[in-house]
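Residue strings, one per chain:
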Amino acid sequence: MPMIDDVLNLDLSIRLRSNHALEHATLHVLQEKGIAIRLGGISDVGGFWIYGEVSTDVVLEAAQEALSRLVGGENELAVHPNCGTNIVVKGLAAGGLAWVSMLGTRGRVMRKLRRLPLAVVLGLIGYQMARPLGPKLQKQITTNADVEGLVITEVLQHNVYGRTVHRVSTRLVRQS
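Residues numbered from 1 in each chain as written. Predicted model: local features only at pLDDT ≥ 70, side-chain atom pairs only at ≥ 80, totals over all residues. Heavy atoms only, no water.

Chemist: Tell me about the sheet that holds strand 2 (residues 47-51), and please be specific about residues and values.
Modeler: Across the sheet, four strands lie side by side as 1-2-4-3; this open sheet has antiparallel pairing. Strands at the two margins of the open sheet, each flanked by one partner only, are strand 1 (40-44) and strand 3 (150-160). Averaged over neighbouring strand pairs, the angle between their axes works out to 20° when direction is ignored. For strand 1 and strand 2, the ladder comprises five bridges, and the chain directions are antiparallel. Of the residues in strand 2, the one forming a bridge with Gly 40 is Tyr 51. (Pairing = 2+ DSSP bridges. Helix = DSSP H or I, 4+ residues; strand = E, 2+ residues; numbered from the N terminus. Axes fitted to C-alpha atoms, helices over the stretch in contact; angles between N-to-C directions.)

Chemist: So what's going on with the environment of Asp 5? Residues and values would help.
Modeler: Within the fold, Asp 5 resides in helix 1 (residues 2-8). With a relative accessible area of 38%, Asp 5 lands in the partly exposed category. Separated by 136 residues in sequence, Asp 5 and Ile 141 place their C-alpha atoms 9.2 Å apart. (Buried < 20%, exposed > 50% of the residue type's maximum accessible area, 1.4 Å probe, protein only.)

Everything listed here is a matter of geometry and, on its own, says nothing about what the molecule does.
Dropping the structure here:
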């Protein structure tokens, strides 16, 4: 679709999607290294944040390894099972089908109660049907595994309300 491709290829979109891919890859590498604590991340055009009690050296090493592996072609690292994209897609599908089951009830409580089992079943069907869609959307839209030219500029540790948070800053260097 030309319009979607135009948006995905904007400089800001490429930077955001590349950082999102690197965030996911970093989380995969941390998991492979045996970091079993609960971790999370969020990306933006200038890099990404890693939430969790892990040392700065470990985050830096994991991010560098993740970048190297993505550049080396390990594109599957860009897709993460706990990504918010998966949650949103499943929620929209489940909620949408549950909503459809309530069409025509015109606000009548008894009609809604009679349709509640149908709403639950359709919601579960929507949730299950959407499971493979989230990773596909990550791969094609919300991440960009082609991180050639992406450089990690620094990793800084912050303390936010008593929690450890790391800022991984990146820069996209254009090849001439």
